[in-house]
Amino acid sequence: MTELILKNRIPRPKMDALLTFLNTWGIEAEVKQNSRKQTAREKHIAEFKEAIRQTEEMVRDIRLNGTKGYQTMDEFLKTL
């Protein structure tokens, strides 16, 4: 067995093309991905991106439906 290590992430279409190329040469190949843990910085960035996505979704909803179903901060604090 020979191991080929790809140092960067490759988009799926390119990976499929690479596997097809190897198969045309009669080389059996498979993809195994290393699942490494996210660094604290990567995790923070992912959480931030998710918060932005949720905010954008909320903004779209408010634009389409108005503020019905949303509480003001004063209304929210009264529930605590």
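Residues numbered from 1 in each chain as written. Predicted model: local features only at pLDDT ≥ 70, side-chain atom pairs only at ≥ 80, totals over all residues. Heavy atoms only, no water.

### A word on the layout of surface pockets
The rolling of a water-molecule-sized probe over the atoms marks out the regions of remaining empty space. Our working rule: Here a cavity denotes a set of grid points, spaced 1 Å apart and computed over the protein atoms alone, in which a 1.4 Å probe fits but from which it cannot get out, and a pocket denotes an open set meeting protein on both sides within 12 Å along at least five of seven lines; residues with an atom within 4 Å of a point are reported as lining. Grid points are joined across faces, edges and corners, and a volume is the space filled by probe spheres set on the points. Every helix listed is a DSSP run of H or I at least four residues long, and every strand listed is a run of E at least two residues long, numbered separately from the N terminus. Note that Gly is not counted as nonpolar here; it falls among the polar residues with everything else outside the nonpolar set of Ala, Val, Leu, Ile, Met, Phe, Trp, Tyr, Cys and Pro and the charged set of Asp, Glu, Lys and Arg.
Within this model, the largest pocket holds a volume of roughly 1,300 Å³. In terms of lining, the largest pocket is formed by 29 residues, of which the most central are Leu4, Val31, Lys32, Gln33 and Asn34. Per element, the largest residue contribution to the lining of the largest pocket is 5 residues, and it comes from helix H1 (residues 12-24). For the lining of the largest pocket, the per-class residue count stands at 13 nonpolar, 6 polar and 10 charged.

### Thoughts on the environment of Thr67
Mapped onto the elements, Thr67 comes out in the loop between helix H2 (40-65) and helix H3 (73-78). In this structure, the C-alpha to C-alpha distance between Thr67 and Glu56, residues 11 residues apart in sequence, is 14 Å.

### What about the pattern of salt bridges?
Note on pairing: side chains with opposite charge can pair once their charged atoms come close. Operational definition: For salt bridges, the criterion is a side-chain nitrogen of Lys or Arg within 4 Å of an Asp or Glu carboxyl oxygen. Partly exposed describes any residue whose relative accessible area lies between the buried limit of under 20% and the exposed limit of over 50%, with all areas from a 1.4 Å probe on protein chains only and scaled to the type maximum.
This structure, assessed with the given rule, holds 4 salt bridges. The partner of Asp16 in a salt bridge is Arg12, with the nearest N and O atoms 3.3 Å apart. One end of the pair is Asp16 and the other is Arg12, both in helix H1 and 4 residues apart, which spans about a single turn. Judged by its relative accessible area of 34%, Asp16 is partly exposed. For Arg12, a relative accessible area of 52% puts it in the exposed group. In this structure, Glu50 engages Arg53 in a salt bridge whose closest nitrogen and oxygen atoms are separated by 2.6 Å.

### Points about H2
Selection rule: Multiply 1.5 Å by the residue count of a helix minus one, and that product is the helix's expected span.
For H2, with 26 residues, the first-to-last C-alpha span of 37 Å sits near the 38 Å given by 1.5 Å per residue. Where H2 terminates, the next one or two residues include Gly66, which has phi positive at roughly 80°.

Take it as geometry only, folks, not as evidence of what the structure does.
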